[in-house]
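Each chain, letter by letter, is given below.
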Amino acid sequence: MVVVVALVTSLWAAPAQGATITVLCTGFTGCLTVGRTDGGYGTVYQQSFWSMTGGHNCTNYAAYRLTHGRLVARPPGTNSALTWGPAAIHAGIPVDDAPVVGAVAWWDAGVGGASATSGHVAYVEAVLPGAVLVSEDNLNGDFRWRLMTRLDGTWPSGFIHYPESDGSPSGEFTSVTSPDAGTLDFWGSATDPDAAAGSRTYLVSLGGPRGTAGAETYTFESEYFRFHRISHVGTRGPISMFLYALNTPGTAGDDVLLGQRDVTIRATSVTRASFVDSSIARTQHPKVRISLAPTQASGVVDVMRGTTLLKRVTMTSGTRQTVTLPRQRKGRWTISVRYRRSVAFTASSRTVYLRVR
């Protein structure tokens, strides 16, 4: 199995020219001393939430506030802070200019003093006439509360209004291919909003939804939000693949179908070839018999002498061809008959030998 990890962070940059940042308190202890909460984050901030990078950074803090005291599912594509707004919009989650307590303030890259490469997110604590109070954490910085107004140059790109979740996993089935015989190479992502960070269990069903008679099923685990897996399966040919994220036992919610995609799982091919006469005069044209197995295999076959293409033919299912090649110089020649792989079959080749007198 091959896996890819995507742990993400974001920072709050120096304020843009003309922007005035009004900081109300700094540090977990400093803010608690003046009655401004961190929601309990200060005791667990080294842990990962929504698979964000643990420690001081804005995305991990916002993810913590969205999954403690409430349940919010992570929309696919929610990575560095600048992606939070577009990912929410793509998932049908409202993003507007109307702040409410519990919303996430989101800054696109370079907006209102945010990082020019990563953007920023913060948690809305209070809404005042013409102003908003947010709490936030910062990469290479510290936790703090601050005041924003529409006039101080720090107003966000929008406010994300995440809906409550029932605790079920969420994510997407991104893609699937079959690069080799009996293999599935697929990508996806998922998170469980009310489960601790750790491995997630997934189920693959080939040939129909799980519970379908005759379907091939198996489970696997991945500890990452975004995962990549290569599996070997018994099924061959065109098939529908269903990918499920299984709800963490002991938590709220149900198993979720991440998606269904059609894929043709390649089968192994065999190229067969032989000369009608493997010893000929140089005035004769060599003739080679070609067939493919299984008989359903079809596609392009190249007849090569070294790097020189002697003939290209197209084979159709169940056919055999006798191919006439150009005359060859005197000598002993190694000829390669190569079947290019198709959607349904792997590539294969056969070497034959010719003597020209």
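This text goes with the structure placed above it.
Below: a short report on this structure. Because the structure is predicted, anything quoted here is derived from the model rather than measured.

Glancing now at the side chain of S269. Within the fold, S269 resides in the loop between strand 14 (256-265) and strand 15 (270-275). A polar contact is formed between the side chain of S269 and the backbone oxygen of T346, at a distance of 2.6 Å. There is a polar contact of 2.8 Å between the side chain of S269 and the side chain of S348. When neighbours within four sequence positions are excluded, S269 is seen to be in contact with A293, P294, Y339, F345, T346, A347 and S348.

Let us now look at the side chain of S348. Within the secondary structure layout, S348 lies in strand 22 (residues 348-356). For S348, the side chain forms a polar contact with the side chain of T271, separated by 2.7 Å. Not counting chain neighbours up to four residues away, the residues in contact with S348 comprise S269, V270, T271, V337, R338 and Y339.

Here the structure, examined in full by the defined rule, presents one disulfide. Two residues, C25 and C31, share a disulfide whose sulfurs are 2.1 Å apart. One quick way to see it: the torsion about the S-S bond of C25 and C31 is about 100 degrees, and its sign makes the bridge right-handed. By the burial criterion, C25 is buried, and C31 matches it. For the unlinked cysteine C58, the closest cysteine sulfur is that of C31, found at 16 Å.

Attention now moves to the pairing of strand 3 (residues 104-107). Residues of strand 3 alternate between two faces, with V104 and W106 on one and A105 and W107 on the opposite face, all of them buried. Sheet topology note: the strand 3/strand 7 (residues 158-160) ladder contains three bridges and is antiparallel. In the sheet register, W106 faces strand 7, and the bridge partner there is G158.

It is worth spelling out the sheet that holds strand 22 at this point. Strand order in the open sheet formed by five strands is 16-22-21-18-19, and the pairing between neighbours is mixed. With one partner strand each, in any of the chains shown, strand 16 (279-280) and strand 19 (308-315) form the two edges of the open sheet. Two elements, strand 18 (residues 299-305) and strand 21 (residues 331-339), share four bridges in a ladder whose sense is antiparallel. By the bridge assignment, D302 is partnered in strand 21 with R338.

Conventions and cut-offs
- Residues numbered from 1 in each chain as written.
- Predicted model: local features only at pLDDT ≥ 70, side-chain atom pairs only at ≥ 80, totals over all residues.
- Heavy atoms only, no water.
- Helix = DSSP H or I, 4+ residues; strand = E, 2+ residues; numbered from the N terminus.
- Polar contact = N/O pair within 3.5 Å; in protein donor to acceptor, adjacent residues only side chain to side chain.
- Contact = heavy atoms within 4.5 Å.
- Disulfide = S-S within 2.5 Å.
- Buried < 20%, exposed > 50% of the residue type's maximum accessible area, 1.4 Å probe, protein only.
- Pairing = 2+ DSSP bridges.

Any functional reading would require information beyond the geometric quantities listed.
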